[in-house]
Amino acid sequence: NDAVDTGQFVGLMGWDGGALIRLEPQAEAAAAGGGGDDVDGSASSSLNVPFVEVLSVFDCLLNCADLSALLSQRSLAALAPLLGDERERAVVTRLAEDAAYYKREAVAVGLDLRDLPRRFPSFRACRFADVLPHVPQMKPRTYSIASAAARAPEEVHVCYRVVDFTLASGAVRRGVCTAWLQQLSGRSTIVPVAVERYEKLRLPASLDVPMVLIGAGTGVAPFKAFVEEQSVRMQRRTCSSPAAAVGVGVGNGTSAAAAAAADAASKGRSCVVAAQVEGAPSPSLSLRSVLSASIATADGGGGGRRVPRVDSWLSGGILLFLGFREESELMYQHVWEAALKQRVIRSYSVSYSHAEQQLAVAEDVRKEASSVWKAVRAGGYVFMCGGCDDLRVSVERAFLHILEDEGGLDERQAAAYLDTLRASGRYVEDTS
């Protein structure tokens, strides 16, 4: 939590921030019949700690409690009897019992623990020991790793956007963890972390398996790691392959395409960058020998020129679809462009939703129906990260249309095919 906000809350409540309290793991506390002892007497804490800890009231609220968390109806029901004012107590009780009222008066304004002493002055008379059992616990924030161990074995990169918004009430809210990470910028510090495995979001074992990657906002983070890992794997294959002596020339068209993409992005247009293979086939390579890049703008009216696609998916490759709210949020462009030159990425598109909240990335997926279908038909994987549930539904709808239009399936067959892909781990959605 923010130290200033925490100090103001403690002061408003009239608590002694320096008073020491003892927190115990919940299992031990239950066995002992308590959970926390403090200067006000015994208190059962909702804050689970891994070991017995003695700390100040201020530090407890600063590091263990989530003061910005929306108060649940269950918490409000427990806190209501603590209010000394009958009218205020009735309001909080109604919040706890009336779902529609709670949604309108609590959810819409982001009612949290810090709001209670301001909105309900009689709450200020509550003892810390009485409030502590109902304080929301600070929960870990999870971020996808945005770096490949093969590229940076001693580092772990994360991608985040500072959550900063204004509620209907006029109150400004900032993300607890993202705001904290932002204030660490430019200085070294020790950050407590834990690694959680997400088995579904995993690169295919073979470099030859194509992938369709769909990322929205900071959901592009794992795909940066994917692309970097694939890049290293391709470099290792090139170095160890006898065919490496033949060589593959990369034309200057790639840099021109990158410049065109940057120009299109600066003008707020959706753009598609694609690798286009030219020249005669070489018996030593599964791909042709000269690679250049082309670009086509894809405006809303459909007047953009489409780029010819690579017909062979024998060497895998990535189709990358990126979606952001506005041009300033575009991330890792240098990574995508470098991977495009290396042929790790076959094509990538960038779209922007702007204020209309149009889920343009789903439309971009549908525009590339032929390439998406070829990738899936070749045993490819589809991964989608970031965004919201609306994006998930829109991309699923676009994908079903592709199965029908390109795969020749009817509506029932397309749905069954998609279910099979999900069950086999070849269609993975992570939009939570």
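Residues numbered from 1 in each chain as written. Predicted model: local features only at pLDDT ≥ 70, side-chain atom pairs only at ≥ 80, totals over all residues. Heavy atoms only, no water.

Engineer: Residue-level account of the overall build of the chain, with values.
Structural biologist: When its secondary structure is counted, the chain shows 16 helices and 14 strands. Classification of the 432 residues of the chain by burial places 45% in the buried group. The long-range share in the chain, meaning contacts at least 24 apart out of those at least 6 apart in sequence, stands at 72%. When the accessible surface of the chain is split by element, carbon and sulfur atoms take 52% of a total near 21700 Å². (Helix = DSSP H or I, 4+ residues; strand = E, 2+ residues; numbered from the N terminus. Buried < 20%, exposed > 50% of the residue type's maximum accessible area, 1.4 Å probe, protein only. Contact = heavy atoms within 4.5 Å. Areas by Shrake-Rupley, 256 points an atom, 1.4 Å probe, with all protein chains shown as cover.)

Engineer: Which residues make up helix H5 (residues 86-97), and what values go with them?
Structural biologist: For H5, spanning 12 residues, the distance from its first C-alpha to its last is 16 Å, which sits close to the expected 16 Å at 1.5 Å a residue. Of the positions making up H5, those classed as buried are Glu88, Val92, Leu95 and Ala96. Looking straight down H5, one finds its buried side chains confined to an arc of 100°; they lie on one side. Opposite its buried face, H5 presents the exposed residues Glu86, Arg87 and Glu97, each directed more than 90 degrees away. Taken together, the buried residues of H5 touch helix H4 (73-79) and helix H6 (99-107). Regarding H5, its N-cap is aspartate 85, as a side-chain oxygen of that residue lies 3.0 Å from the backbone nitrogen of arginine 87 further along. (Expected span 1.5 Å × (residues − 1). Arc of directions from axis to C-beta. Polar contact = N/O pair within 3.5 Å; in protein donor to acceptor, adjacent residues only side chain to side chain.)

Engineer: Can you explain the pattern of salt bridges? Please cite residues and give values.
Structural biologist: Tallied over the entire structure, the rule returns 15 salt bridges. Linking arginine 202 and glutamate 199 is a salt bridge whose minimum nitrogen-to-oxygen distance equals 2.5 Å. In this structure, arginine 422 engages glutamate 396 in a salt bridge whose closest nitrogen and oxygen atoms are separated by 2.6 Å. Of this pair, arginine 422 sits in helix H16 (residues 411-423) while glutamate 396 sits in helix H15 (residues 389-405), placing them 26 residues apart in sequence. On the basis of relative accessibility, which here comes to 27%, the residue arginine 422 falls in the partly exposed class. Take glutamate 396: its relative accessible area is 21%, and that puts it in the partly exposed class. Members of the salt-bridge network, linked through shared partners, are Arg392, Glu396, Asp419, Arg422 and Glu429. (Salt bridge = Lys/Arg side-chain N within 4 Å of Asp/Glu carboxyl O.)

Engineer: Which residues make up the confidence of the model for the chain, and what values do they have?
Structural biologist: Summing up the model confidence of the chain, the mean pLDDT is 76 and the portion of residues at 70 or higher is 74%. pLDDT under 50 marks residues 28-44. Its contacts with residues more than four places away, or in other chains, come to 36 contacts. (pLDDT = per-residue confidence, 0-100.)

Engineer: How would you summarise the packing of helix H13 (residues 360-367) against H15 if you had to cite specific residues and measurements?
Structural biologist: Two elements in contact, H13 and H15, have axes whose closest approach is 9 Å; the angle formed by their N-to-C orientations is 10°. With respect to H15, the axis of H13 lies roughly parallel. In this structure, H13 crosses over H15, and the sense of that crossing is right-handed. Touching Val361, Ala362, Val365 and Arg366 of H13 are Leu391, Ser394, Val395, Ala398, His401, Ile402 and Asp405, all from H15. (Axes fitted to C-alpha atoms, helices over the stretch in contact; angles between N-to-C directions. Parallel < 35°, antiparallel > 145°, perpendicular 65-115°, else oblique. Left-handed = near helix turned anticlockwise from the far one by under 90°.)

Engineer: Quick one: what's the story with the packing of aromatic side chains, residue by residue and with numbers?
Structural biologist: Applying the stated criterion to the full structure yields eight aromatic pairs. Their ring planes at 55° and their centres at 6.0 Å tell us that phenylalanine 223 and phenylalanine 226 sit as a pair that is tilted. Highlighted residues: phenylalanine 223 and phenylalanine 226, both in helix H10 (residues 221-240), separated by three residues, approximately one helical turn. Ring geometry for tyrosine 332 versus tryptophan 336: centroids 6.3 Å apart, planes at 90°, classification edge-to-face. Of the two residues examined, tyrosine 332 and tryptophan 336, each falls in the buried class. The ring of tyrosine 101 carries the charged tip of arginine 94 above its face, separated from the ring centre by 3.8 Å. Positioned over the ring face of tyrosine 332 is lysine 224, at 5.2 Å from the centre of the ring. (Phe/Tyr/Trp six-rings, centres within 6.5 Å; stacked < 30°, edge-to-face > 60°. Lys NZ or Arg CZ within 6 Å of the ring centre and 35° of its normal.)

Engineer: Got a sec to walk through the nonpolar core? Specific residues and values, please.
Structural biologist: Trp15, Leu61, Leu76, Leu113, Leu116, Phe123 and Phe128 are the most contacted members of the largest nonpolar core, which totals 35 residues. At the level of elements, helix H1 (3-13), strand E1 (20-23), helix H3 (57-64), H4, H5, H6 and helix H8 (128-131) are the ones that each hand at least two residues to this core. (Core = buried A, V, L, I, M, F, W, Y, C linked by side-chain atoms within 4.5 Å.)

Engineer: Please give an account of the packing of helix H14 (residues 369-377) against H15 that cites residues and values.
Structural biologist: The N-to-C vectors of H14 and H15 enclose an angle of 80°; their axes lie 10 Å apart at closest approach. Our classification of the angle between H14 and H15 gives roughly perpendicular. Where H14 abuts H15, its residues Ala369, Val372, Trp373 and Val376 lie against Phe399, Ile402 and Leu403. In terms of residue class, the contact of H14 with H15 is built from seven nonpolar, no polar and no charged. (Nonpolar A, V, L, I, M, F, W, Y, C, P; charged D, E, K, R; others polar.)

Engineer: An account of a nonpolar patch on the surface is needed here, citing residue identities and associated values.
Structural biologist: Together, Ile145, Val156, Val158 and Val195 make up a nonpolar patch on the protein surface, roughly 370 Å² of accessible area in all. Mapped onto the fold, valine 156 is located in the loop between H8 and strand E5 (164-166). Residue classification places valine 156 among the exposed residues on the basis of a relative accessible area of 59%. (Patch = residues over 30% accessible without salt bridge, like charges linked within 9 Å, V, L, I, M, F, W, Y side chains within 5 Å.)

Engineer: I'd like to hear about unusual backbone geometry, residue by residue, with values.
Structural biologist: In this structure, tyrosine 332 is a non-glycine residue whose phi angle is positive, near 60°. You can call tyrosine 332 buried: its relative accessible area is 18%. We note that arginine 343 has phi near 75°; this positive angle belongs to a residue other than glycine. Tracing the backbone shows arginine 343 in the loop between helix H12 (333-342) and strand E12 (345-352). The partly exposed category is assigned to arginine 343, whose relative accessible area is 21%.

Engineer: Can you break down the pairing of strand E13 (residues 381-386) residue by residue, with the values?
Structural biologist: Burial of E13 is extensive: five of the six residues sit out of reach of the surface. Of the strand pairs in this sheet, E13 and strand E14 (residues 427-430) are connected by four bridges, and their pairing is parallel. Paired with methionine 384 across the two strands is glutamate 429, which belongs to E14. (Pairing = 2+ DSSP bridges.)

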